[in-house]
Amino acid sequence: MLLFFSIENSLDNFSHVGGLGILVRDLFLEFKKKEKEAIFFSILPLKRSKVEISENKIEEKYEEKILTPEYCYNFQTNWYPVRACINIFPGGTQKTKAIFVTLENNEEWLKNYALYREKDHGQIIFVRYVFYLAVKKYLEENHIYPTVIHINESDTILFFFLPIEFEINSFKIYHSHTPLPIGHKTISKEVLESLLPRKMINFLEVGFQNGKVNLGKVAAHYADKIITVSKLHERITKERIYPQYRDKITSVTNGINIEEWLGDEIKKLYDEKIPG
């Protein structure tokens, strides 16, 4: 069983629709077409931001997301009580599923922000930690134990902790999409220690430097394979970013799901001109 973790997934209209979200959607569609056994986990914001332009004025509005969760869990964290829900994407199959996790909380600092309006280390790690707790609870209840864990960028590094919690062996893949700092977030050690349990802090210690933890370094350390997205990216990562892990680094250029991206006219032309 492959478990794929990403902050973004554009399968749902309310998800972030950046490049990573589109990539995850295409991977999901390819897995579904080939009937591969996998679950794609992502976070879904409580609200979606929408930019409207009128009379030379740019205004950002928010639309509420209406969800029908299948499982909900209450967690008492070191900071705030929080409720997280599991929402199963209806377009999946018995073998290939996509699951969105939503967070509900009375604290205005969390409730009023869309996912990509994070302003501080606290919110960044709090959202990801509750994402982890909800998925772990869901996996335990459904007796799902991954043989492969694939994280999309270092945002979801906490999921490399699952094999330790479950006492299993899983092949871990760290998919890095950029050498820029945005793909290798650093979080305050003080913030982490105030929220996370001690065993998870110990797990993250390999990335501690100058009072912060580099999530990318932690991901690179624990990964069995590090995937970059081009030969140039592979070379930069080996030479400048994680030279100590160069033997684990490779590159796979991002592909697309052809059926999803081809226009109707091109599909018709292919059907007419290409046998089969």
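Bear in mind that the values here come from a model prediction, so they are computed numbers and not experimental data.

Assigned secondary structure in the protein consists of ten helices and 14 strands. Within the protein, the fraction of its 276 residues that count as buried is 47%. Contacts in the protein between residues at least 24 apart in sequence constitute 62% of all its contacts with a sequence separation of at least 6.

Time to look at the sheet that holds strand β10 (residues 186-188). What the three strands build is an open sheet, ordered β10-β12-β11; its pairing is antiparallel. Two strands close off the open sheet at either side, each with one partner strand: β10 and β11 (208-209). In this fold helix α7 (residues 215-222) packs onto β10, β11 and β12 (212-214), with an angle of close to 50 degrees to the strand it touches most, β12.

It is worth spelling out α7 at this point. Residue pairs spaced three or four apart in an α-helix point in one direction, given the helix's 3.6 residues per turn. Among all positions in α7, only L215, G216, V218, A219 and A220 are buried. Between the side-chain oxygen at the start of α7 and the backbone nitrogen of G216 there is a gap of 2.9 Å, and the oxygen is on N214.

A separate point is the packing of aromatic side chains. The final tally for this structure, using the stated rule, is 19 aromatic pairs. Centroid distance F5 to F159: 3.8 Å. Interplanar angle 5 degrees. Geometry classified as stacked. Here F159 lies in the loop between β8 (148-152) and α4 (162-166) and F5 lies in strand β1 (residues 2-5), a separation of 154 residues in the sequence. Taken individually, F5 and F159 each receive the classification buried, so the pair is uniform in this respect. Cluster of aromatic residues (ring-pair linked, three or more members): F5, F41, Y71, Y73, F75, F131, Y132, Y138, F159, F161, F203 and Y222.

This brings us to the pattern of salt bridges. Per the counting criterion, the structure on display carries 13 salt bridges. The salt bridge partner of E140 is K136, with a shortest N-O separation of 3.1 Å. Taken together, the residues E140 and K136, both in helix α3 (residues 121-141) and four residues apart, mark about one turn of the helix. A relative accessible area of 17% means that K136 is categorised as buried. Taking the shortest distance from any N to any O, the salt bridge between E193 and R198 comes out at 4.0 Å. What emerges from the salt-bridge pattern is a single network uniting K136, E140, E165 and K199.

Another point: the confidence of the model for the protein. Scored by pLDDT, the protein comes out at a mean of 82, with 76% of its residues at no less than 70. Low pLDDT, under 50, characterises residues 47-53; the stretch is placed with 27 contacts to residues that sit more than four places away or in other chains. Here residues 111-119 is a poorly scored stretch, pLDDT under 50, and it has 22 contacts once near neighbours within four places are set aside; other chains count.

Moving on, we come to helix α8 (residues 231-241). Burial in α8 covers these residues: H233, E234, T237 and K238. For α8, the arc enclosing every buried residue in end-on projection is 130 degrees, short of the 170-degree limit, so these residues lie on one face. Looking at α8, the residues exposed on the side facing more than 90 degrees away from the buried face are K231 and R240.

Let's shift gears to the sheet that holds strand β14 (residues 249-251). Ordered by their spatial adjacency, nine strands build an open sheet running β5-β6-β7-β2-β1-β8-β9-β13-β14, and the pairing between neighbours is mixed. In the strand order of this sheet, the two ends are held by β5 (71-76) and β14, each with one partner. Averaged over all neighbouring strand pairs, the angle between strand axes comes to 20 degrees, with direction disregarded. Note that β1 and strand β2 (residues 38-43) share four bridges and pair parallel. Paired with L3 across the two strands is I39, which belongs to β2. Sheet strands in contact with α7 are β8, β9 (171-175) and β13 (225-228), and its direction is about 145 degrees off that of β9. Against the sheet, α8 engages β13 and β14, with an angle of about 165 degrees to β14.

Judged by how many residues are buried, β9 sits mostly within the fold: four of five residues are covered. Examined bridge by bridge, β8 and β9 share five bridges and lie parallel to one another. Note on β9: the bridge partner recorded for I151 is Y174. Alignment of β9 against β13, held across three bridges, turns out to be parallel. Its bridge partner lying in β13, Y174 is registered against I226.

Rules and cut-offs
- Residues numbered from 1 in each chain as written.
- Predicted model: local features only at pLDDT ≥ 70, side-chain atom pairs only at ≥ 80, totals over all residues.
- Heavy atoms only, no water.
- Helix = DSSP H or I, 4+ residues; strand = E, 2+ residues; numbered from the N terminus.
- Buried < 20%, exposed > 50% of the residue type's maximum accessible area, 1.4 Å probe, protein only.
- Contact = heavy atoms within 4.5 Å.
- Pairing = 2+ DSSP bridges.
- Axes fitted to C-alpha atoms, helices over the stretch in contact; angles between N-to-C directions.
- Polar contact = N/O pair within 3.5 Å; in protein donor to acceptor, adjacent residues only side chain to side chain.
- Phe/Tyr/Trp six-rings, centres within 6.5 Å; stacked < 30°, edge-to-face > 60°.
- Salt bridge = Lys/Arg side-chain N within 4 Å of Asp/Glu carboxyl O.
- pLDDT = per-residue confidence, 0-100.
- Arc of directions from axis to C-beta.

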